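Here are the chains, one letter per residue:
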Amino acid sequence: MKLLIAAIGRLKTGPEKEMAADHESRIVTTGRAAGVTGISIRDWAESRGDTAEKRKTEEAELLLPLCNEGKTVVLDERGKALSSAAFAEWMQRTIDGGAKQVTFLIGGPDGHGEAVRGKADLVMSFGPATFPHRLIRVMLLEQIYRALSILTKHPYHRS
């Protein structure tokens, strides 16, 4: 199964980009044993639309075409907060279910509109707080790596 992270907002140089690259390489290495064959990240600049709804619509036009294969996970503050173990279980069920890909969608500063949330197989939250996209991307990569370490019984996750 392949992983795709599609994000509104680009990472510039700095610690977030370094952490993201580190976790991405860990996912590639650990993922093989869990059935993950690759990961890719696509990102776009934030919309410059003059209203929040227009920005969400423009961003949805970029994200939705990527959701045609496998499962779609939308990151949204109104989503379900999963423990790391519960997320690992969801990943295992998805892998066992034969999904070819899981696409994770990270929205812009205004979040996602109904069109994007409606496409989700899972709407996931890292809690009720709002985080900048740079941190969410690193947090998502870390949780994916943690889930894969749980599945492969790697000592990274100690419970």
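Residues numbered from 1 in each chain as written. Predicted model: local features only at pLDDT ≥ 70, side-chain atom pairs only at ≥ 80, totals over all residues. Heavy atoms only, no water.

Visitor: Please set out the pairing of strand β4 (residues 101-106) residue by residue, giving values where relevant.
Guide: Burial runs high along β4: 6 of the 6 residues are buried. In terms of strand pairing, strand β1 (residues 2-8) meets β4 through 6 bridges, oriented parallel. Looking at β4, one finds that Ala 6 is bridged to Leu 105. Strand direction decides the pairing type here: strand β3 (residues 71-81) and β4, joined by 5 bridges, are parallel. Bridging from a neighbouring strand, Val 74 pairs with Leu 105 of β4. On the question of chirality, the crossover connecting β3 to the parallel β4 by way of helix α3 (residues 84-96) is right-handed. (Buried < 20%, exposed > 50% of the residue type's maximum accessible area, 1.4 Å probe, protein only. Helix = DSSP H or I, 4+ residues; strand = E, 2+ residues; numbered from the N terminus. Pairing = 2+ DSSP bridges. Right-handed = clockwise from strand over helix to strand, strands pointing away.)

Visitor: Lay out the layout of surface pockets with the relevant residues and their values.
Guide: If you add up the space inside the largest pocket, you get close to 390 Å³. Lining of the largest pocket is provided by 22 residues; of these, Glu 77, Gly 108, Gly 111, Thr 130 and Phe 131 occupy positions nearest its centre. At the level of elements, β3, β5 (122-125) and α5 (133-151) are the ones that each hand at least two residues to the lining of the largest pocket. Here the lining of the largest pocket takes 4 residues from β3, the largest share from any one element. A breakdown of the residues in the lining of the largest pocket according to their chemical character gives 9 nonpolar, 8 polar and 5 charged. (1 Å grid on protein atoms, 1.4 Å probe; cavity = no way out; pocket = protein on both sides within 12 Å on 5 of 7 lines; lining within 4 Å. Points joined across faces, edges and corners; volume = space filled by probe spheres on them. Nonpolar A, V, L, I, M, F, W, Y, C, P; charged D, E, K, R; others polar.)

Visitor: Before we move on, could you go through the packing of aromatic side chains and cite the residues and values that matter?
Guide: By the definition in use, this model includes 2 aromatic pairs. With centroids separated by 6.3 Å and ring planes inclined at 65 degrees, the aromatic side chains of Phe 87 and Phe 104 adopt a geometry described as edge-to-face. In this pair, Phe 87 is assigned in helix α3 and Phe 104 in strand β4, connecting sequence segments 17 residues apart. The burial state of Phe 87 is the same as that of Phe 104; both residues are buried. (Phe/Tyr/Trp six-rings, centres within 6.5 Å; stacked < 30°, edge-to-face > 60°.)

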